[in-house]
Amino acid sequence: MGIVVLTGAGLSAESGLATFRDGDGLWERHAVEDVATPAAFRRDPALVHRFYNARRRQAAGAQPNAAHAALARLSNRADVTLITQNVDDLLERAGARDVVHMHGALNRAICAACGHGWPASGDMAASEPCPACGTPACRPDIVWFGEMPQHMDRIMQALADATLFAAIGTSGQVYPAAGFVEIASGCGAACVELNLDPQRTSPLFERHIVGPASQTVPAWVDEILG
Ligand code: OAD
C-alpha cells in the first residue's frame, strides 16, 4: 500500500512554531511581499534574512512533538512518502526517514547567483560568499512565492501510485500542495484530512479527523500499522 502524507504548519504548532494563517500566524505579523518573495530579497536582503534567521533560531530551539514521532514511526515501518511544506527539521529530528521538503529547508543556504546549495545551521547574511562561485549572494533555501516547489517529479509519481493520501495540519490555501488531494483521489487513493478544525477545503476528503495533531496523528498511525 503506497501512502502519501502531506504535512503543513499545524504539525509543528504544538512544538511552539507559529503557523501562517491562524489568528496569531506569521502572515498576520509580516507581509508576504516584504519577506517571502524574490523581489523582497532583491529589495531588502537584510530584512528577509532577519525574518528567516528568527525562524531558524525558533526551529532549533523547538522539540518534535508526538505527531512528528508518530510519522517517523510510520516512515520506518510502511511504504510512505512523507512530503512536508514545513521548513523546520522536526520530522528528521524525530527520526523520520527521507522527508521531502517541497518548500525548502531553513537549515540550508543557496547561492542566489549560481544556485549552489550548502548546509547552514546558524544565522545567514547576504554578504556570505558562496563556497562554489565566491559571489556574496547567500539566501535561505526556501521556496518563495512565485518560485517552483522542490521535488515535484517525485511527488507527482508518489501521488499517482498512492492508495492512501493524508493531509495533516495544512490549510489547503497554497498550490500546488492544495491540489494534491485532487491528483491522489483521481488516481484512486482514499483521502483523509487531519486538522485542528474541519477545513472542508475539498469534498474529495472522505474522512476528517478533527483535533490537535499530537493526539490525532499517533492514533491514526496506530490504526494503519495495526
Ligand atoms: P497554514 O498556517 O496556512 O495552516 C495551518 C493549518 O494547521 C490550519 O489549517 C490549522 O487549522 C491547522 N492547525 C493549527 N494547529 C494545529 C494542530 N495543533 N493540529 C492540527 N492542525 C493544526 O499553514 P500551511 O498550510 O502549512 O509556504 O501553509 C502552507 C504554506 O503557506 C507554507 O508552507 C508557507 C505558507 O506561505 C511558504 O512560505 C512557501
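Residues numbered from 1 in each chain as written. Predicted model: local features only at pLDDT ≥ 70, side-chain atom pairs only at ≥ 80, totals over all residues. Heavy atoms only, no water.

A. Expanded view of the domain arrangement of the protein. Its domain assignment divides the protein into domain 1 (1–15 + 64–103 + 149–226) and domain 2 (18–61 + 105–142). Computed over C-alpha atoms only, the centres of domain 1 and domain 2 are separated by 25 Å. Contacts between domain 1 and domain 2 engage 13 residues on the former and 10 residues on the latter. A buried area of about 870 Å², summed over both sides, lies between domain 1 and domain 2, and 57% of it is on carbon and sulfur atoms. Linking domain 1 to domain 2 there are 0 salt bridges. Applying the counting criterion to the domain 1 and domain 2 interface returns 3 residue pairs in polar contact (both at pLDDT 80 or more). At the level of elements, α1 (10–13) and α7 (90–93) are the ones that each hand at least two residues to the side of domain 1 that touches domain 2. (Domains from an automatic or database assignment. Contact = heavy atoms within 4.5 Å. Buried area = accessible area lost by both parts, 1.4 Å probe. Salt bridge = Lys/Arg side-chain N within 4 Å of Asp/Glu carboxyl O. Polar contact = N/O pair within 3.5 Å; in protein donor to acceptor, adjacent residues only side chain to side chain. Helix = DSSP H or I, 4+ residues; strand = E, 2+ residues; numbered from the N terminus.)

B. Molecular detail of the sheet that holds strand β3 (residues 100–101). Spatial ordering of the open sheet is given by β3-β2-β1-β7-β8-β9, a layout of 6 strands whose pairing is parallel. In the strand order of this sheet, the two ends are held by β3 and β9 (207–210), each with one partner. In terms of strand pairing, strand β2 (residues 80–84) meets β3 through 2 bridges, oriented parallel. Paired with Ile83 across the two strands is Val100, which belongs to β3. (Pairing = 2+ DSSP bridges.)

C. How the structure looks around the sheet that holds strand β6 (residues 138–142). The 3 strands lie next to each other as β5-β4-β6, forming an open sheet whose pairing is antiparallel. The open sheet terminates on both sides in strands that have one partner only, identified here as β5 (117–119) and β6. Averaged over all pairs of adjacent strands, the angle between strand axes in this sheet comes to 45°, irrespective of strand direction. Alignment of strand β4 (residues 104–111) against β6, held across 5 bridges, turns out to be antiparallel. Considered in β6, the bridge of Ala109 is made with Pro140. (Axes fitted to C-alpha atoms, helices over the stretch in contact; angles between N-to-C directions.)

D. Main features of the packing of helix α6 (residues 66–77) against helix α10 (residues 213–225). Contact geometry of α6 with α10 gives a least axis separation of 7 Å together with a crossing angle of 20°. Here α10 runs roughly parallel to α6, going by the angle between their axes. In this structure, α6 crosses over α10, and the sense of that crossing is left-handed. Mapping the contact onto sequence places Ala66, Ala67, Ala70, Leu71, Arg73, Leu74 and Arg77 in α6 and Ala213, Ser214, Val217, Pro218, Trp220, Val221, Asp222, Ile224 and Leu225 in α10. (Parallel < 35°, antiparallel > 145°, perpendicular 65-115°, else oblique. Left-handed = near helix turned anticlockwise from the far one by under 90°.)

E. Local environment of the side chain of Ser75. The residue Ser75 is located in helix α6 in this model. By relative accessible area, Ser75 is classed as buried at 1%. A polar atom in the side chain of Ser75 sits 2.9 Å from the backbone oxygen of Ala72. Leave out the neighbours within four places in its chain, and Ser75 touches Val80, Leu82, Ala96 and Arg97. (Buried < 20%, exposed > 50% of the residue type's maximum accessible area, 1.4 Å probe, protein only.)

F. Inspection of the pairing of β4 at higher detail. The element β4 is largely enclosed, with a buried count of 6 among its 8 residues. Pairing of β4 with β5 involves 3 bridges; the strand directions are antiparallel. The residue of β5 that forms the bridge with Ala109 is Trp118. Counted between consecutive antiparallel strands, the loop separating β4 from β5 contains 5 residues, among which Gly115 sits at a positive phi close to 85°.

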